[in-house]
Amino acid sequence: AGFALSVYYKDNDGDGFGNATESTAACTAPEGYVENLNDCNDDSETENPDAIEVCDGIDNNCSGTVDIDALDATTFYADHDDDGFGDPLNTWNGCEAPDGYMTDASDCDDNDDDINPDADEICDDIDNNCDETTDGAQATDSITFYHDKDEDGFGLLSESIQSCTEPQGYTTNGTDCDDDDDD
């Protein structure tokens, strides 16, 4: 009955993974050697196949790639219209933003650089400033309408609203002196 020799690999950093280029044959593992030969950096115990990949410019998990699927990766959003705001539906996860991507995800129309959270709302049936409302009182070109309770075409100067379209019971003329009398 003979003894079977096995190959063991030097584990300089003590992480349980050996260096494929430093091996020895023995009946049992000598001190500082292991059966595993998958260490990608035997001088660092934080770089081995069981390590978690993080954004640090190092192949922590010995996958052959650097910072891919890193635990601390950031979600970046495409900015195709170059308005400085990203599309929340077009993402990329990574350690660094690729060209045309950013961390902001507040663009509601990434095909039009005039539509973004910094844009002025105008009367055009479009949500220009991405606040989930279209036109309305905040539109920069909205019109002042005056309440016309007696429906004589003249409203009260003291009861006005801003709107892009004339609401029922309002008029653009604010010169009524008695809105309870249509005469």
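The model shown is predicted, which means the values in this text are computed figures rather than measured ones.

Caption draft 1: Geometry of the state of the cysteines. Applying the stated criterion to the full structure yields four disulfides. Each sulfur in the disulfide pair Cys55 and Cys95 lies 1.9 Å from the other. Negative torsions about the S-S bond denote left-handed disulfides, and the value of about -80° found for Cys55 with Cys95 makes this one left-handed. A residue pair is termed long-range when its members are at least 10 positions apart, and Cys55 in the loop between strand S3 (33-34) and strand S4 (74-78) and Cys95 in the loop between strand S5 (91-94) and strand S6 (101-102) qualify at 40 residues. Residue Cys55 is classed as partly exposed on the basis of its relative accessible area of 26%.

Caption draft 2: Geometry of unusual backbone geometry. Positive phi values are uncommon outside glycine, yet Asp125 reaches one of about 60°. Following the sequence through the fold, Asp125 ends up in the loop between S6 and strand S7 (143-147). Despite not being glycine, Cys130 has its phi angle at roughly 60°, a positive value. Its location among the elements puts Cys130 in the loop between S6 and S7.

Caption draft 3: Structural context of the sheet that holds strand S9 (residues 170-171). Ordered in space as S8-S7-S9, the three strands form an open sheet in which the pairing is antiparallel. Since the sheet does not close on itself, it has two edges, and those belong to strand S8 (160-163) and S9, each with one partner. Direction of pairing for S7 relative to S8: antiparallel, over a ladder of four bridges. Bridged to Thr144 within S8 is Gln162.

Caption draft 4: Geometry of the packing of aromatic side chains. Overall, the coordinates contain one aromatic pair when judged by the stated rule. An angle of 35° between the planes, with centres 6.4 Å apart, marks the rings of Phe76 and Trp92 as tilted. Of the two residues, Phe76 is situated in strand S4 and Trp92 in strand S5; the sequence distance between them amounts to 16 residues.

Parameters and conventions
Residues numbered from 1 in each chain as written. Predicted model: local features only at pLDDT ≥ 70, side-chain atom pairs only at ≥ 80, totals over all residues. Heavy atoms only, no water. Disulfide = S-S within 2.5 Å. Helix = DSSP H or I, 4+ residues; strand = E, 2+ residues; numbered from the N terminus. Buried < 20%, exposed > 50% of the residue type's maximum accessible area, 1.4 Å probe, protein only. Pairing = 2+ DSSP bridges. Phe/Tyr/Trp six-rings, centres within 6.5 Å; stacked < 30°, edge-to-face > 60°.

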